[in-house]
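Given next are the chains, with one letter for each unit.
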Amino acid sequence: MADSGEPAPDALQQRLERILLGGRRKYTRLEVAEKAGVPEERSRRLWRALGFATVDDDEVVFTDADIDAIRTADQLMNSGLIDPSIELAVTRALGQHLSRLAEWQVHMLWTMITENKDIGTSERQIARLVDRLLPELENVQNFVWRRHLAAYAGRAFASPDEDLEARTEVVGFVDMVGYTRLTRQIGEDELSAVLDRFESVATEVVAEQHGRIVKMIGDEVLFVADSAVDGAEIALALSERAGVDETLPGVRAGLASGRILSRFGDVYGSVVNLAARLTSTARPGTILIDKELATELSSFAEYEVRTRRPVSVRGYNRLRPSSLRRARDRPSGMFASSQQLAAEMLGLAPEAASASAASEDLAEEIEDTTADSLPPRPRPRSKRRRR
């Protein structure tokens, strides 16, 4: 085939497969199991757990690299390092995380090829590009993986008596306000830019404050932190960064502290659910925290923690959150806030916060004052039509 003109998709795919898979497809599943010395049923389970489609026994789809991989995986399982009861769960987690990584990398590569006409019209150049980039990607992945191993190992061995799966952590959700409406107003390229920017800011802030991103869920980031202060700083910094970033909508956040279950990179438990409920209850630009976290943070002068009115959300009939923000040097109390608001409206307090911020202070203080005397907000009842 000539190097000029459009490459044949099948020929290009076969050439890329040989590069990516480390050789030609020449074995069936049964042959791989036999050559690797792994029981046939076990090789089938591992293949499925990795997230790959089931293939017929006589279908030639495997390479020499597959034999080595199955043999290595079997030896790892038999070494005692991984409990047999969780070997499939470990395999599934590995497959799911690497699948997402591979999807992003292929998208990146495809964008590079389609935007560079000199490369995109030459099958040989495309194959050469992939062949050159693959070792570099592997090196970067290996470096990042080892750095994360070192970080987690340091924490684990620093507290050898602590249960790494069930431990006390701060769990936080931060999501963009008005995301659904935003998706209807802008195009795909703009939406992609917003999501990229949000993920970039979230990654920077969480890393700077010694937290860990559990996952990005569309317009929302789920993170954990070891201390109350780290969790608070992450939520506050994300809210502040989003507030001054013209490319991002405002955010809201919910934080809760307590025992969580960490399993294969994800977190579970009532604390995670509580943080999610607090986020859904929070107003735009606000951070709501649970009682445990409020008790811890109230002793720090740099934070302002205010008890909010009880609310009813799914799973919690009388949830009483607190709002969190940075402490400010200003008079406190309802009368002081109303004075400040009036002064700002008359232009007598140019250095103070904006009138909208003071108005929000006043609204919060009124709500705080009446929180103990008012019952929870009633749920609306559906009205039946009279016949």
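Residues numbered from 1 in each chain as written. Predicted model: local features only at pLDDT ≥ 70, side-chain atom pairs only at ≥ 80, totals over all residues. Heavy atoms only, no water.

Moving on: the overall build of the chain. Secondary structure summary: the chain contains 14 helices and 10 strands in total. Across the 387 residues of the chain, 36% fall into the buried class. Considering only contacts in the chain between residues 6 or more positions apart, those separated by 24 or more positions represent 67%. Surface summary for the chain: the accessible area is close to 24,100 Å², and the carbon and sulfur share equals 53%. (Helix = DSSP H or I, 4+ residues; strand = E, 2+ residues; numbered from the N terminus. Buried < 20%, exposed > 50% of the residue type's maximum accessible area, 1.4 Å probe, protein only. Contact = heavy atoms within 4.5 Å. Areas by Shrake-Rupley, 256 points an atom, 1.4 Å probe, with all protein chains shown as cover.)

Before going further, it helps to examine the packing of helix α2 (residues 29-36) against helix α4 (residues 64-78). Direction vectors running N to C along α2 and α4 enclose 55°, while the axes themselves pass 9 Å from each other. The orientation of α2 relative to α4 falls into the category oblique. When the axes of α2 and α4 are compared, the crossing they make is right-handed. Contacts between α2 and α4 involve V32, K35 and A36 on the former and, on the latter, D66, I67, I70 and R71. Taken together, the residues of the contact of α2 with α4 break down into four nonpolar, no polar and three charged. (Axes fitted to C-alpha atoms, helices over the stretch in contact; angles between N-to-C directions. Parallel < 35°, antiparallel > 145°, perpendicular 65-115°, else oblique. Left-handed = near helix turned anticlockwise from the far one by under 90°. Nonpolar A, V, L, I, M, F, W, Y, C, P; charged D, E, K, R; others polar.)

Turning next to the nonpolar core. If you look at the biggest cluster of nonpolar residues, it comprises 35 residues, and the most contacted ones within it are L238, L255, I287, I289, L297 and L324. Those elements that place two or more of their residues in this core are β1 (166-176), α8 (179-185), α9 (188-208), β3 (220-225), α10 (228-244), β4 (251-263), β6 (287-289) and α12 (291-297). Here this core gets eight residues from one element, more than from any other, and that element is α10. Excluding anything up to four places from it in sequence, I287 contacts A235, L236, S239, A253, L255, S322, S323 and L324. If you look at the next biggest cluster of nonpolar residues, it comprises 18 residues, including V171, V271, A282 and V311. (Core = buried A, V, L, I, M, F, W, Y, C linked by side-chain atoms within 4.5 Å.)

This part takes up the side chain of T286. Tracing the backbone shows T286 in the loop between α11 (270-281) and β6. Overall, the relative accessible area of 8% leaves T286 in the buried class.

Here a ring pair, both rings aromatic, is described through the centre-centre distance and the interplanar angle of the planes. Scanning the entire structure with this criterion turns up two aromatic pairs. Ring geometry for W47 and F62: centres 4.7 Å apart, planes at 70°, overall edge-to-face. Here W47, found in helix α3 (residues 40-49), pairs with F62, found in the loop between α3 and α4; they are 15 residues apart in sequence, far enough to count as distant. On the basis of relative accessible area, W47 is assigned to the buried category, the value being 16%. (Phe/Tyr/Trp six-rings, centres within 6.5 Å; stacked < 30°, edge-to-face > 60°.)

Further remarks concern the environment of L319. Within the fold, L319 resides in strand β9 (residues 316-319). Overall, L319 belongs to the buried group, its relative accessible area being 10%. For the pair L319 and L278, spaced 41 residues apart in the sequence, the C-alpha separation amounts to 8.8 Å. When sequence neighbours within four positions are dropped, the list of residues in contact with L319 reads L274, L278, R309, P310, V311 and V313.

In this section: the confidence of the model for the chain. Any segment with low pLDDT has predicted coordinates that should not be analysed in fine detail. When pLDDT is averaged across the chain, the result is 77; 77% of the residues are at 70 or more. Here helix α13 (residues 334-345) stands out as the element of the chain with the lowest mean pLDDT, 48, in contrast to β6, whose mean of 96 is the highest. Long-range and interchain partners of residues 331-337, a stretch whose pLDDT sits below 50, account for 10 contacts in this model, where long-range means more than four residues apart. Under a pLDDT of 50 for its full length, residues 341-359 has, in the predicted model, 16 contacts with residues more than four places off or in other chains. (pLDDT = per-residue confidence, 0-100.)

As a further point, take the pattern of salt bridges. One pass over the structure, following the stated rule, counts 15 salt bridges. Note that E204 is salt-bridged to R241, the shortest N-O span being 2.9 Å. One end of the pair, E204, is in helix α9; the other, R241, is in helix α10, and 37 residues separate them in sequence. Accessibility expressed as a relative area gives 34% for E204, which makes it partly exposed. Take R241: its relative accessible area is 26%, and that puts it in the partly exposed class. When the shortest N-O distance is used, the salt bridge between E304 and R325 registers 3.0 Å. Residue E304 is located in strand β7 (residues 303-307), and its partner R325 is located in strand β10 (residues 322-326); the two are separated by 21 residues in the primary sequence. Assigned by exposure class, E304 and R325 land together as buried. One network of salt bridges, in which partners are shared, links R29, E40, E41, R44 and D57. (Salt bridge = Lys/Arg side-chain N within 4 Å of Asp/Glu carboxyl O.)

Take the environment of Y27 next. Here Y27 is to be found in the loop between α1 (9-21) and α2. Each C-alpha atom of the pair Y27 and V61 lies 6.1 Å from the other, and the pair is 34 residues apart in sequence. Those residues in contact with Y27 that sit more than four places away from it in its chain are V32, K35, E59, V60, V61, F62, T63, D64 and I67.

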